[in-house]
Amino acid sequence: MAELELVEIPRCYYQADSSINEARIELHTFVDASELGYAAVSYFRFERNGHVHCALIGSKTRVAPLKFVSIPRLELQAAVIGSRLAKSIEAGHSIKVDRRYFWTDARNVMCWLQSDHRRYSQFVAFRVGEILEETDVTEWRWIGTKENVADDGTKWQYKPDLKPASRWFNGPSFLWRPKMEWPESSLNGQETAEEIRSSVMHHSVGRVRTVLLPENFSSWYRLRRATAFVQRFVNNIRLKKEGQQRNVGPLTQHEFLNAEVFQIKRAQEDVYADELAILAAGDRRLQKKNSLFKVSPFVDKRGVMRIHSRLGECDFVDESSRYPIVLPREHPVTALLVRDVHLRYHHQCHETCVNEVRKGFHIPRVRRVYDRVRRNCQLCEIQRAAPAPPMMASLPKARMAAFVRPFSYVGVDFFGPFFVVVGRHHEKRWGVIVTCLTVRAIHLELAASLNTSSCILALRNCFARRGTPVEIISDRGTNFVGADKELEEAVAALDQNRLMAEFVTTRTTWHFNPPASPHMGGCWERLIQSVKKVLSQIKPKRVPTE
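Below you will find a few notes about this structure. Predicted model, so just to flag it, every value in this text is computed and none were measured.

**A short note on the pairing of strand β1 (residues 24-33)**
Judged by how many residues are buried, β1 sits mostly within the fold: nine of 10 residues are covered. Of the pairings in the sheet, the one linking β1 to strand β2 (residues 37-48) comprises 10 bridges and is antiparallel in character. The partner of Val31 across the bridge, within β2, is Ala40.

**What about the environment of Ala165?**
Relative to the assigned elements, Ala165 resides in the loop between β5 (140-142) and α4 (167-170). The exposed category is assigned to Ala165, whose relative accessible area is 71%. Remark: the alpha-carbon pair of Ala165 and Glu8, spanning 157 residues in sequence, is separated by 9.3 Å.

**Re the environment of Thr252**
Its place among the elements puts Thr252 in the loop between α5 (220-241) and α6 (253-271). A C-alpha to C-alpha distance of 9.2 Å links Thr252 and Ala228, two positions 24 residues apart in sequence.

**A word on the sheet that holds β1**
Sheet strands associate in pairs through backbone hydrogen bonding, adopting either a parallel or an antiparallel arrangement. Across the sheet, which stays open at both edges, the five strands sit in the order β3-β2-β1-β4-β5 with mixed pairing between neighbours. What marks the edges here is a single partner per strand, and that holds for β3 (51-63) and β5. Strand-to-strand twist in this sheet, taken as the mean axis angle between neighbours without regard to direction, amounts to 20°. Where helix α2 (residues 107-114) meets the sheet, it contacts β4 (99-104) and β5, and its direction lies at approximately 145° from that of β5.

**Here we look at unusual backbone geometry**
Of the consecutive residues Gly416 and Pro417, the connecting peptide bond is found in the cis state with omega at 10°. Structurally, Pro417 is set in strand β10 (residues 409-422). With a phi close to 55°, Ser296 is a non-glycine residue in the positive phi region. Of note in this structure, His346 is not a glycine but carries a positive phi near 55°. With respect to the secondary-structure elements, His346 resides in the loop between α9 (332-344) and α10 (350-360).

The rules behind these values
Residues numbered from 1 in each chain as written. Predicted model: local features only at pLDDT ≥ 70, side-chain atom pairs only at ≥ 80, totals over all residues. Heavy atoms only, no water. Buried < 20%, exposed > 50% of the residue type's maximum accessible area, 1.4 Å probe, protein only. Helix = DSSP H or I, 4+ residues; strand = E, 2+ residues; numbered from the N terminus. Pairing = 2+ DSSP bridges. Axes fitted to C-alpha atoms, helices over the stretch in contact; angles between N-to-C directions. Contact = heavy atoms within 4.5 Å.

This is the structure we're talking about:
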């Protein structure tokens, strides 16, 4: 860091008596990579009448990923940022570049660029495709590691040369010489086996795995439909060879049935291959330790494994009800089939769904399979979702105010109305409850109306008896808001010095609960209930006087 004072970069790229347009301008970009990271650096090379000048334009460095990446891949990443750097330089400068050069010391990168990139892995193919979109393969050249100036940006174990005359700021030495003295690239026609895509030729004996994988489908109907179309395509090819008419139009019931049988047989072969081989051999039976021994399975004429049941002589039900089909519990086909029943019953009637599955299929521990389908169902998850209760907050300071006199922190609210006798007619009166938020003591006053004047009068009577509180809390009633406004105006009109001289108390503050939040005044709301209950018991039968 101390040597950064030595760094000097000239502001002007090309210092000459003539115009920059009279010189031939070339853009040279060097790329390199190591185990620690990869870098790219670009230079302008100006040539006019045999005079050559090079200037540093910019550089990009990246650290290697935490996950291990091979050196050839890092070299390819360096080539990618080199092509991006050259594109940004041309877009951000008004200088017209006559020709571009890209230099790398990685032979694999040069072979990848000069060959068909589709033969290699996706990592290589995508990045080579991006490079060839921004650059031309003829612009890339190979260079030795010692002459690659980008190597200085990747070898961090050595102390960098920060002098203005270093090759990092002025470019490699060969750029200052004529082109005939530049290092030659002799990698044309070479190929590399690094990152080449593997192509396996094999001959299968026995069952061939279908390309219609159940895990790639979201519903049992789509899987059957896709399978039926593939089977129709295969049959149409055979019919074409035999000169017969092809099948066209919507899928028939027979085609759907064949597709369903095909997928069920594939599912059984994936899990119960040994059992199918034993049962297909003839009179051999399963061993007692086999999970299917107790259900007495057999293979029908279509090659589907079924189980015996007591409904074998019942002719008015279908074959699957008399001899249920065996399905493995952990197979995607089983999950799609159970999900189809679950959707047909609109995510309801779960026991009915289980019985519906059992009518045609034997699935070990079918209830667990159905429960797993329900857990993976998005709509069921939304319907079962419940709001998470928030964490209870700490008690307010007024509730925990110890070592203070009662009614220092109070809550105020109105309740009623009550009817009283005034002369020969009845009038309404309201109760005012003032509760100490610390010890829950209460003070009751009578208010003639709900206006601000009655509220102020009731509070003055309470404060004359209990003392002036430090803090008042109430809801946002119109009378409370008006009382707070009038109290503020009255206090502002008083002589503050005289007030402080006569009373050794701080100014009372008034806080309002948020609108439409009666739960925040729960402490005095519950006390209002108790007061009303007591008053209803002791109130005389006749309407009392005030």
